[in-house]
Amino acid sequence: GFESLVAPDWSGPWWGFNECSPETWAAKDGTNGVAFYGWLEDAYGFFLQDVAVTSPAADVVYTFSIEGKAEPYFSSSSGEVYLRMEFWDGETCIACMTNIIYSELMSQVGTWNTYRLCATNANPSVTVVKAIVGGGGFHPLGDPCSVFWDNAFLGVLDSSQPYLSLAGETSTYAPSTH
């Protein structure tokens, strides 16, 4: 969860911009979640965390997941709700991967679901991975119209292991042998 944040301020390892903030009413588990404020026309917001890479290496697969729930009257005129991972070498972003999740989020309004992004870092000089959740073109259709986020996770898949279970998952990752 986002328990290290003191709602409604960005006082922990996560930080955000514009129309989103830590909120007690946005939590699925624990005391805090993060909310997109969908009631402001054509607004946008995003939040992120910089994660230091302690053992840089190429061909490392990162997975970023977060649970989210859209309220019934949330909408984006641009279809813009996404997960993103950026790979940084010092002050330079050298690669990024984005997963647009708007359609999936809106097909399951009112229920908590897990959204994921996997990306391979091909550069051994990467020093920081930025895990980002963002959205834009907010277009309220009524009330309530926020999106709630909780339980973010960034991890590394270890393909050297014959089987790997991810925390909270019922499936098992098995690398191909052919």
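It should be noted that the structure appears before, not after, this text.
Residues numbered from 1 in each chain as written. Predicted model: local features only at pLDDT ≥ 70, side-chain atom pairs only at ≥ 80, totals over all residues. Heavy atoms only, no water.

A. Region of the structure containing the pattern of salt bridges. Counting across every chain of the model gives two salt bridges. Among the ionic pairs, Glu67 bridges to Lys28, the shortest N-O distance being 2.5 Å. Placement of the pair is Glu67 in strand E5 (residues 60-70) and Lys28 in the loop between strand E2 (20-23) and strand E3 (33-36), with a sequence separation of 39 residues. Its relative accessible area of 14% is what places Glu67 among the buried residues. Residue classification places Lys28 among the partly exposed residues on the basis of a relative accessible area of 36%. Linking Asp50 and Lys130 is a salt bridge whose minimum nitrogen-to-oxygen distance equals 3.3 Å. With Asp50 in strand E4 (residues 45-52) and Lys130 in strand E9 (residues 128-138), the pair connects residues that are 80 residues apart, well separated along the chain. According to the relative accessible area criterion, Asp50 is partly exposed, its value standing at 36%. For Lys130, a relative accessible area of 13% translates into the label buried. (Salt bridge = Lys/Arg side-chain N within 4 Å of Asp/Glu carboxyl O. Helix = DSSP H or I, 4+ residues; strand = E, 2+ residues; numbered from the N terminus. Buried < 20%, exposed > 50% of the residue type's maximum accessible area, 1.4 Å probe, protein only.)

B. Broad picture of the sheet that holds E4. Strands sit in the order E1-E4-E9-E6-E7 across an open sheet of five strands; the sheet is antiparallel. Each edge of the sheet is formed by a strand with only one pairing partner; in this case those strands are strand E1 (14-18) and strand E7 (92-100). For this sheet, the mean angle separating the axes of adjacent strands, direction not counted, is 20 degrees. Both strand E6 (residues 76-89) and E7 contribute to a ladder of eight bridges, which runs antiparallel. Across the sheet, the residue bridging to Asp89 is Thr92, located in E7. (Pairing = 2+ DSSP bridges. Axes fitted to C-alpha atoms, helices over the stretch in contact; angles between N-to-C directions.)

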